[in-house]
Amino acid sequence: MPTVSKGDGMRGLAVFISDIRNCKSKEAEIKRINKELANIRSKFKGDKALDGYSKKKYVCKLLFIFLLGHDIDFGHMEAVNLLSSNKYTEKQIGYLFISVLVNSNSDLIRLINNGIKNDLASRNPTFMNLALHCIANVGSREMAEAFAFEIPSILVAGDTMDSVKQSAALCLLRLNRTSPDLVPMGEWTARVVHLLNDQHLGVVTAATSLITTLAQKSPDDFKTSISLAVARLSRIVTSASIDLQDYTYYFVAAPWLSVKLLRLLQCYPPPEDAALRSRLTECLETILNKAQEPPKSKKVQHSNAKNAVLFEAISLIIHHDSEPTLLVRACNQLGQFLQHRETNLRYLALESMCTLASSEFSHEAVKTHIDTVINALKTERDVSVRQRAVDLLYAMCDRSNAKQIVAEMLSYLETADYSIREEIVLKVAILAEKYAVDYTWYVDTILNLIRVAGDYVSEEVWYRVIQIVINRDDVQGYAAKTVFEALQAPACHENLVKVGGYILGEFGNLIAGDSRSSPLVQFSLLHSKFHLCSVPTRALLLSAYIKFINLFPEVKATIQDVLRSDSQLRNADVELQQRAVEYLKLSCIASTDILATVLEEMPPFPERESSILAKLKRKKGPGKLPDIDENRRNVNGSSEHSENTDTTNKVSYVLNLNSSPSTGPSLLVDVFSDSSTSASVDVSEDNFSRWGHFVSLVEQNRPAIKLKCLQLGHTALLQKSVLFYYCVLVNSRFVCKNNGVIYENQLLQIGLKSEYRQNLGRIYVFYGNKTSTQFLSFSSFVTSSDILKTHILHCLISVDPIIEGGAQVQQILNIECVSDFTDAPVLNIQFRYGGTLQNIAVKLPVMLNKFFQPTEMTSQDFFQRWKQLGILGFGVALLDGVDPNPANFVGAGVIHTKSTQVGCLLRLEPNAQAQMYRLTLRTSRESVSQRLCELLGEQF
Amino acid sequence: MTRLAKWYMQFDDDEKQKLIEEVHAVVTVRDAKHTNFVEFRNFKIIYRRYAGLYFCICVDVTDNNLAYLEGIHNFVEVLNEYFHNVCELDLVFNFYKVYTVVDEMFLAGEIRETSQTKVLKQLLMLQSLE
């Protein structure tokens, strides 16, 4: 047992700690602790009043037990009692117990606060400090409420002892951090600034922290601190070290205070007053000069303390960003550190240079160190140092060195630590895009990324390469050729298959002229990867195949065979099965023209912030990503800036990474997929294959056909309305129903209420704005296919172009049925939400059966009562007792159109055992029979 | 084994335990050639090793690394002086005094007093009190 300092030793405590340390097992320890707890409990409960010393000793034992990791559920009251002791050692243990074990037990808080209050009022500096330290350590709201008013006056009172001032300042700082609303600003704030002049450097140290915290929140209130801080700093920096005896640390004058003062000055711009400004510049120059002087000691403490001040001075120089000489000097100093034998200094130099790189004055100076930094990337042993080197390379990159930096990063990636690979991938992708003059280089770089670190290439990265290829027609042929070649590798990453599938599906035709990459070769190459891929990639490949059918009619039969195979048509995965079925059917029945329209090349993507940059920002956290904005380097002739304006709009938009992100979903949203994620979807394969989803001509294994509608992001795509006419899907829920919600997304709900009378229909369309923001330029119109136009007429009453947030607007649509029809008209809606144009197209449930008029059969025998059954809403009158088999349903009705009326008889013969039914319809027109049969068939 | 922990932000006991374990995990794997700084969540840890003892401070990423690194050493020198050649056991048996030393030098997560002379004078004065 080490000797316990004399005076206040608690022998019992030392014995107990020894016992615990001698325990051979956890069980033994717990046993010893339980014994002690029982002992303490009995002492606390005993009749005999405990003296202060015993109380202190037991409370201290409890604290020790708690710190070993055991729960303590008693002794709090005894600890609180210690606060009212007159003895320092007892008080101290009481406060310590409370600081470590405090909980918001309200009764106790009141007692604790009472103890603190007494000590604050005691005028005994030792007791006052104990109380202040307790408040500073606990920092609870209750304490802020009780003492936030009192502490400022202690802090600025003339007769307060220095050490109490120190504690009061930091105590106030803690309360300001935890409960800023409770710390009143007032007359004391002006006086607190003058503590910077205090003779006691400990007081200045504590006060500087407080003032810095307050100045960050309300800089204007503490402006006067600038001149005082500069004066103080100047005196420290120019002093002979013996002047500040107690505060000299290894021959460095008051290093911590200097650092704090320099940080305080970083709350403000450079001083406006010229004299003050030059005095500060002098200080900063002196600090830079001292770095060049021979060290006064070989001890690391000396150099660390000196360099702490130096780095903080450089931070201030960078913060001011106004003195080119200082910036360049700072850069040169950091350049020396880049090769220092101390890892800490190399690390800090890389970190600090990263911020220097974004200054227009020092960017060029930073660039001169590129070789050293690249060398650091290759040779540093500490991954965090290599990470800083990557950050710095990223920050110093511009058009002049982009190729070198990207190449170095790519080669480093092959051996990089797993923990930083993803970030490097993002950085390479961003730099390659930003500084691509030649987009073939960009495509090569991204494909290299996938090759070298495919697992770390996130969706954002491969979405982005596709966006860029689609938006730039000069690179499409090269991209197709390059992915085709890359896919030749026997083992290539799945991300490459995705990019390859997408690009060949879009632009495979550009390389199909070469027999080595003929359509069949392309298809076989892609399909050879199919079986090794995950479901989402396979789904994307299926979409590529249907695109191939459009691009290359000669491989249609081959692809159809693949789609037709059991492994596709009967795939256990519903998504894959559905695509195979739909694509196969589409390829079989659609004409070449329709195929060409449906599967047309993707239109350009809208301008937006690079999703990669957004991801990197998220990853690094705000403020940690160096700004690589082009505009910073105006001083050097701003080559990049002018280049940008010279290029075409298209180029600059691709290059423009810093444009604000578009709001809301601006791309196509498919109600089949989870639309909640759509806002962030870029080039997802769903988007790529979207047409296929809507071309569902087939019965599926699914119980019901879902509502299908389109929300289009590009007005250009709206013109592709041929799709709607082609797609004969009917919202089956509405076949037997006239009212309900027909469409809903995050912004808008569309409800319908319809009435039909003979050949006329009226649909009330309700648009509900689900957001709190106005929809502007709201407009709607109804379109029909050319054929449909000859069969139905519609007239939409126009509505107000503004829909207020939360409001519902009604619009009336009148429909007249001229003759029988199969297709349905489409309601197109367009509006502006938060600056983004929204387009929605919904197929209206206008179906032939809506124009039914139920007919009462004259024969008494045939008519007894209506049956309330599912098909009642269909429009026909159900007739009971007409059919000799009572299990069958028979109905009759007349379809009213303008030109003619079509009588209709219906017979449904269910076979319950076989779970089948037969439906027979007889009408005077074949087309009506067919259509009604389809509509009714979907209901079962 | 954690000899002493001081918290300047609110955490519940489970979070504290988790943080202690995480800090332990990131710091102890590093060797002498590494820097004395580690990124940690949204903060950074400045640490220094003395024989088997690690002294770690978790600060904001913008804080001055070297100032805190020397802050640790300054603290260790005070402990050494106060306990006359401090060893780990001194910190175990006198844990309640170590808290006092911490509070004298660091308060509310900030540096309170840096002068070893002043701190030791104050500690000796407190030592003399009953």
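Residues numbered from 1 in each chain as written. Chains lettered and ligands numbered in written order. Predicted model: local features only at pLDDT ≥ 70, side-chain atom pairs only at ≥ 80, totals over all residues. Heavy atoms only, no water.

Student: Before we move on, can you summarise the overall build of chain B with the specific residues and values?
Tutor: Counting secondary structure elements, chain B contains five helices and five strands. Moving toward the C terminus, one meets the helices and strands of chain B in the order α-β-β-β-α-α-α-β-β-α. Long-range contacts, defined as pairs at least 24 residues apart, comprise 35% of the intrachain contacts of chain B with a sequence gap of at least 6. Carbon and sulfur atoms provide 55% of the accessible area of chain B, an area that totals close to 6,000 Å². (Helix = DSSP H or I, 4+ residues; strand = E, 2+ residues; numbered from the N terminus. Contact = heavy atoms within 4.5 Å. Areas by Shrake-Rupley, 256 points an atom, 1.4 Å probe, with all protein chains shown as cover.)

Student: Before we move on, could you go through the overall build of chain A and cite the residues and values that matter?
Tutor: A tally of regular secondary structure across chain A gives 42 helices and 17 strands. Taking all 940 residues of chain A together, the buried fraction comes to 56%. Pairs at least 24 apart in sequence give 67% of the contacts found in chain A among residues at least 6 apart. Approximately 39,900 Å² of chain A is accessible, and the part contributed by carbon and sulfur atoms is 51%. (Buried < 20%, exposed > 50% of the residue type's maximum accessible area, 1.4 Å probe, protein only.)

Student: Any chance you could break down the sheet that holds strand β9 (residues 792-796) of chain A for me, citing the residues and the numbers?
Tutor: All names here are of chain A. Strand order in the open sheet formed by five strands is β5-β6-β7-β10-β9, and the pairing between neighbours is antiparallel. Each end of this open sheet is capped by a strand with a single partner; those strands are β5 (739-744) and β9. Sheet twist, expressed as the average angle between the axes of neighbouring strands with direction ignored, equals 25°. Both strand β7 (residues 760-769) and strand β10 (residues 808-817) contribute to a ladder of nine bridges, which runs antiparallel. Residue pairing for β10: G761 is matched across the bridge by I815. (Pairing = 2+ DSSP bridges. Axes fitted to C-alpha atoms, helices over the stretch in contact; angles between N-to-C directions.)

Student: Please give an account of the pattern of salt bridges that cites residues and values.
Tutor: Under the definition given, this model contains 43 salt bridges over all chains. For D382 of chain A, the salt bridge goes to R30 of chain B, with nearest N and O atoms at 2.6 Å. In this pair, D382 of chain A is assigned in the loop between α20 (370-379) and α21 (383-396) and R30 of chain B in the loop between α1 (13-28) and β1 (37-40), connecting two distinct chains. Residue classification places R30 of chain B among the buried positions, given a relative accessible area of 12%. Sharing partners across several salt bridges, the network here consists of R388, D391, E423 and K427 of chain A together with E39 of chain B. (Salt bridge = Lys/Arg side-chain N within 4 Å of Asp/Glu carboxyl O.)

Student: Break down the interface of chain B and chain A for me, citing the residues and quoting the values.
Tutor: Taken together, the 59 residues of chain B in the interface contact 71 residues of chain A. Taken together, the two surfaces of chain B and chain A that pack against each other cover about 5,600 Å², and 53% of this comes from carbon and sulfur. In this structure, the connection of chain B to chain A is made through six salt bridges. The set of elements that each furnish at least two residues to the side of chain B that touches chain A consists of β1, α2 (65-82), α3 (88-93), α4 (95-105), β5 (110-111) and α5 (116-128) of chain B. When residues in the side of chain B that touches chain A are grouped by element, the largest group, nine residues, is from α2 of chain B. (Buried area = accessible area lost by both parts, 1.4 Å probe.)

Student: Describe in detail the environment of I20 of chain A, supporting the description with residues and values.
Tutor: All names here are of chain A. When you line up the elements, I20 lands in helix α1 (residues 11-22). Distance in space between the C-alpha atoms of I20 and K31 is 9.8 Å, their sequence separation being 11 residues. Other than its neighbours up to four places away in sequence, I20 contacts E29, R32, I33, F64 and L68.

Student: Before we move on, could you go through the packing of α21 of chain A against helix α22 (residues 402-413) of chain A and cite the residues and values that matter?
Tutor: Packed helix pairs are specified by the crossing angle of their axes together with the interaxial distance, meaning the distance between the axes. Residue and element names in this part refer to chain A. Remark: α21 packs on α22, axes separated minimally by 10 Å, with the N-to-C direction vectors making an angle of 155°. Judged by the angle between their axes, α21 and α22 are roughly antiparallel. The handedness of the crossing between α21 and α22 comes out as left-handed. Side by side, α21 and α22 meet where R386, V390, L393, Y394 and M396 of the first sit next to I405, M409 and Y412 of the second. Partitioning the contact of α21 with α22 into residue classes produces seven nonpolar, no polar and one charged. (Parallel < 35°, antiparallel > 145°, perpendicular 65-115°, else oblique. Left-handed = near helix turned anticlockwise from the far one by under 90°. Nonpolar A, V, L, I, M, F, W, Y, C, P; charged D, E, K, R; others polar.)

Student: Explain the nonpolar core to me, and be specific about the residues and the numbers.
Tutor: Residue and element names in this part refer to chain A. Residues I116, V192 and L449 are the most contacted members of the largest nonpolar core, which totals 235 residues. Setting aside chain neighbours within four positions, we find L449 in contact with L410, L413, V425, V428, A429, G454, V457 and V461. The next biggest cluster of nonpolar side chains, apart from the first, holds 45 residues, and it includes I829, L844, L848 and L935. (Core = buried A, V, L, I, M, F, W, Y, C linked by side-chain atoms within 4.5 Å.)

Student: Account for the sheet that holds β1 of chain B, naming residues and giving values.
Tutor: Note: strands within a sheet are paired through backbone hydrogen bonds, in either parallel or antiparallel orientation. Residues and elements named next belong to chain B. Reading across the sheet, the three strands line up as β1-β2-β3 and stay open at both edges, with antiparallel pairing between neighbours. Across the chains shown, the open sheet's two edge strands, defined by having one partner strand only, are β1 and β3 (53-60). Direction aside, the axes of adjacent strands within the sheet are offset by 30° on average. Both strand β2 (residues 43-50) and β3 contribute to a ladder of eight bridges, which runs antiparallel. Note on β3: the bridge partner recorded for I45 is C58. Strands β1, β2 and β3 of the sheet are contacted by α2, whose axis makes an angle of about 40° with β2.

Student: Give me the lowdown on α1 of chain B, citing residues and values where you can.
Tutor: All names here are of chain B. If you check α1, its first and last C-alpha atoms are 22 Å apart, about what 16 residues at 1.5 Å a residue would give, namely 22 Å. K16, L19, V23 and V27 are the residues of α1 that are buried. The buried residues of α1 occupy an angular sector of 60° when the element is viewed end-on, so they sit on one face. Buried residues belonging to α1 abut β1, β2 and β3. Two to three positions downstream of the cap, the backbone nitrogen of D14 sits 3.1 Å from a side-chain oxygen, assigning the N-cap of α1 to D12. (Expected span 1.5 Å × (residues − 1). Arc of directions from axis to C-beta. Polar contact = N/O pair within 3.5 Å; in protein donor to acceptor, adjacent residues only side chain to side chain.)

Student: Could you give me a rundown of the pairing of strand β16 (residues 901-911) of chain A, with the residues and numbers involved?
Tutor: Residue and element names in this part refer to chain A. Here strand β15 (residues 889-896) pairs with β16 via eight bridges, running antiparallel. Across the sheet, the residue bridging to F889 is L908, located in β16. If you look at the hairpin formed by β15 and β16, you'll find four residues sitting between the two strands. The pairing of β16 with strand β17 (residues 916-923) spans eight bridges and is antiparallel.

Student: Can you explain α1 of chain A? Please cite residues and give values.
Tutor: Helix length check: α1 of chain A, at 12 residues, gives a terminal C-alpha distance of 16 Å against a target of 16 Å (1.5 Å per residue), a fit within 8%. Along α1 of chain A, the residues that are buried comprise L13, A14, F16, I17, S18 and I20 of chain A. Contact partners of the buried residues in α1 of chain A: α2 (26-45) and α3 (52-67) of chain A together with α3 and α4 of chain B.

Student: Outline the packing of aromatic side chains, supporting the account with residue identities and numerical values.
Tutor: Residue and element names in this part refer to chain A. On inspection of all chains with the given rule, the structure shows 27 aromatic pairs over all chains. Centre to centre, the rings of F548 and F552 are 5.2 Å apart; their planes meet at 70°, and the pair counts as edge-to-face. Side by side, F548 and F552 carry an identical accessibility label, which is buried. One aromatic cluster is present, built from ring pairs that chain together Y767, F775, F778, F831 and Y833. Across the ring face of F127, the terminal group of K91 is positioned such that the distance to the ring centre comes to 4.5 Å. (Phe/Tyr/Trp six-rings, centres within 6.5 Å; stacked < 30°, edge-to-face > 60°. Lys NZ or Arg CZ within 6 Å of the ring centre and 35° of its normal.)

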